[in-house]
Amino acid sequence: MMASSYNAKDEDGHITMSGPGASLRNKKPENTAFKQQRLPAWQPILTAGTVLPAFFIIGLVFIPVGIGLYVTSNNIREYEIDYTGTNASSPCFNCSQNFSWNNTRPCTCSISFSLDQSFDSNVFMYYGLSNFYQNHRRYVKSRDDSQLNGDMESLKKPSKECEPYAYNNNNNRPIAPCGAIANSMFNDSLELFFHDPNGTKTAVPLTKTGIAWWTDKHVKFRNPGGNNANLTEVFQGTSKPVNWRLPVYELDSDPDNNGFINEDFIVWMRTAALPTFRKLYRIIHKKNNMVPTLPRGNYTLDVVYNFPVRSFEGRKRMILSTMSWMGGKNPFLGIAYITVGSVCFFLGVVLLIIHHKYGNRNNSADIAN
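Along every chain, residues carry numbers that run from 1 in the direction the sequence is written. Local features in this predicted model are restricted to residues whose pLDDT is 70 or higher, and side-chain atom pairs enter the listing and the counts only when it is 80 or higher, whereas totals over whole chains, interfaces and linings include all residues. Hydrogens and water are ignored here; the side-chain numbers use all heavy atoms of the structure.

1. A few points about the overall build of the protein chain
In terms of regular secondary structure, the protein chain is built from 10 helices and 10 strands. Burial status follows relative accessibility: with a 1.4 Å probe on protein chains alone, a residue under 20% of its type maximum counts as buried, one over 50% as exposed, and anything between as partly exposed. A total of 369 residues make up the protein chain; the buried ones form 35% of that total. We call two residues contacting when some pair of their heavy atoms lies within 4.5 Å. Restricting the contact set of the protein chain to residue pairs at least 6 apart, pairs at least 24 apart contribute 75%. Total accessible area on the protein chain is roughly 22600 Å²; 55% of this is exposed by carbon and sulfur atoms. A run of H or I in DSSP becomes a helix once it reaches four residues, and a run of E becomes a strand once it reaches two; helices and strands are each numbered from the N terminus. In short, Shrake-Rupley with a 1.4 Å probe defines the accessible areas, and a residue's cover is counted only from the protein chains shown.

Set out below in C-alpha cells:
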C-alpha cells in the first residue's frame, strides 16, 4: 500500500496530495470576507415605531395622488367608433365581406355619429385594431433596420430576416421596405366631416405630421441617398411590398413625409406589445381659444376600406381623444395608487390596534420578569 500525505490550507480552500496521485481541489470556498459572507451588512429592525408610520405615510401620500390621477383621466374626453362592419346593419358591412388584399378597387363607406360634448383642446385621432398579434416573434423580427436607415447595400440585398418578403417572386427584385411588418401596414384612409346646423358639410382639417416619435423620424428611419435625393431613381430596381397598392416613394407628395420617413409608415413599424392596440393616425389642432376644436353636433366618418380583418377575426376602430399632462385616458394608474394607499392605511390601522391592545401587555410581562 502506498502512503500519501496532505497539507490542509484553510486560507485558500485547497487540499494538496503528494505522491503519484494528482492534486485534488476541495469544495470549501476560499477564506475571504466575500465568500465566507463576512462583509458588513445592514439589517433593519422592524418595530411598531418604524412600521406603523411607514404604512400611514404611504397611505396618506398614495391616496391623494391616486385620486388626482383618476380625476385627471376621467376629464379626458374620448369617443370610439367600431367600423369593422360585422353586422349587416353597419354601413361598412359590404366592404368587410367582399374586400381582400387582392382587390384593385377600394371600398368606401360612411358612418354618421354625434358628439354630445365638445372637444376643447387638441384632439388626437387613432386607429385601433383587435386580435392582431404584432408581438409574434417571427413578425417582430421580420424587418431590416439597416435598409430602413437608408443603407444602399441593404436596399438591394435585404436581410434574411425579411423572408419570405425579401424578394418579389415574380421579378426577383428586392422588396423595399422588406418584411412582414411593412407588408401588413395599415392603409385605411379616414376623413372626418362636421355638419353645421344649417346643413353645410365641412371637412375637419387633419394633420398627418408630428405623429411619430422624433427619434424614429430623424434617427432610425432615413431615405437612401440623402434627404434631397430623387426617390424614384433611388428605389429604381426594387419592388413594392406584396400587399401595397403604391411603392414606398409614392406614399406622400410631401418630400419630408415620403419614402421611409413617412410618418404613417413609421408609426406602424413600431410594433405593439398586445393584440389589441391603437396607433396615432392624425392630429386635430386647436386654432381658436374661443371655439372648440370639435364642437357638439353631427359628424360623418368617411372610410376607404383597404385593410381586411375578417381573415383573423379582428376589429377596427377609430378613436377621438384629448390629452392631459399624464397622457391619454387610462384610469388604471389612479386606481392602482388608490388601492395600494388604502391597503397600507388599513394595515396601519389594524397593526396600531393590535399594538395598542397587546403591546402594553408584553411590556408589563417583561418588567415583571
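2. Things to note about the state of the cysteines
When the sulfur atoms of two cysteines come within 2.5 Å, that pair is taken as a disulfide. With the rule as written, the count across this model stands at 3 disulfides. The residue that forms a disulfide with Cys 92 is Cys 109, at a sulfur-sulfur distance of 2.0 Å. With the S-S bond torsion at 80 degrees, the cross-link from Cys 92 to Cys 109 turns out right-handed. In this pair, Cys 92 is assigned in the loop between strand 3 (78-82) and helix 2 (93-98) and Cys 109 in strand 4 (residues 107-115), connecting sequence segments 17 residues apart. Of the residues examined, Cys 92 reaches a relative accessible area of 0% and is grouped as buried. One disulfide bridge connects Cys 162 with Cys 178, the sulfur atoms lying 2.1 Å from each other. Of the two residues, Cys 162 sits in the loop between helix 5 (152-156) and helix 6 (180-183) while Cys 178 sits in the loop between helix 5 and helix 6, which places them 16 residues apart along the sequence. Per residue, the accessibility class of Cys 162 equals that of Cys 178, and both read buried.

3. A short note on the sheet that holds strand 5 (residues 123-130)
Strand order in the open sheet formed by 4 strands is 3-10-5-8, with antiparallel pairing between adjacent strands. Every interior strand has two partners, whereas the edge strands, strand 3 and strand 8 (277-284), have only one. On average, adjacent strands in this sheet sit at an angle of 20 degrees to one another, irrespective of strand direction. Inspection of the sheet shows strand 5 paired to strand 8 by 7 bridges, in the antiparallel sense. Paired strands, as defined in this entry, are two strands with at least two bridges between them according to DSSP. Axis angles are defined between N-to-C directions and span 0 to 180 degrees, where every axis is a line fitted to C-alpha atoms and, for a helix, only to the segment in contact.

4. Re the pattern of salt bridges
Take a side-chain nitrogen of Lys or Arg and a carboxyl oxygen of Asp or Glu: if they are within 4 Å of each other, that pair is a salt bridge. In the structure shown here, the tally under the stated rule is 12 salt bridges. For Asp 120, the salt bridge is made with Arg 77, and the minimal N-O distance between the two is 3.9 Å. Of this pair, Asp 120 sits in the loop between strand 4 and strand 5 while Arg 77 is found in the loop between helix 1 (48-74) and strand 3, placing the two residues 43 residues apart along the sequence. Judged by its relative accessible area of 39%, Asp 120 is partly exposed. Among the salt bridges present, the one from Glu 161 reaches Lys 141, with a minimum N-O distance of 4.0 Å. Of the two residues, Glu 161 is situated in the loop between helix 5 and helix 6 and Lys 141 in helix 3 (residues 137-141); the sequence distance between them amounts to 20 residues.

5. Quick notes on the sheet that holds strand 9 (residues 297-305)
The 4 strands lie next to each other as 4-9-6-7, forming an open sheet whose pairing is antiparallel. Each edge of the sheet is formed by a strand with only one pairing partner; in this case those strands are strand 4 and strand 7 (201-203). Within this sheet the neighbouring strands show an average axis-to-axis angle of 30 degrees, counted without direction. As paired elements, strand 6 (residues 189-195) and strand 7 share 3 bridges and run antiparallel to each other. Within strand 7, the position partnered with His 195 by the bridge is Lys 201.

6. Focus on the side chain of Lys 217
Looking at where Lys 217 falls in the secondary structure, it is placed in helix 7 (residues 214-220). Polar contact is the term for a pair of N or O atoms within 3.5 Å; when the atoms are in protein, one must be able to donate a hydrogen and the other to accept it, and sequence-neighboring residues count only if both atoms are side-chain atoms. Of note is the side chain of Lys 217, whose polar atom sits 2.7 Å from the backbone oxygen of Asp 256.

7. Overview of unusual backbone geometry
Phi is mostly negative for residues that are not glycine, and the peptide bonds are mostly trans. A cis amide bond, omega 10 degrees, links Glu 163 with the succeeding residue Pro 164. Here Pro 164 lies in the loop between helix 5 and helix 6. A cis amide bond, omega -5 degrees, links Ala 176 with the succeeding residue Pro 177. Along the polypeptide, Pro 177 turns up in the loop between helix 5 and helix 6. Despite not being glycine, Gln 37 shows a phi value in the positive range, around 60 degrees. Tracing the backbone through its elements, the reader meets Gln 37 in the loop between strand 2 (14-17) and helix 1. Judged by relative accessible area, which is 73%, Gln 37 ranks as exposed. In this structure, Glu 313 takes a positive phi of about 55 degrees despite not being glycine. Along the chain, Glu 313 turns up in the loop between strand 9 and strand 10 (315-321).

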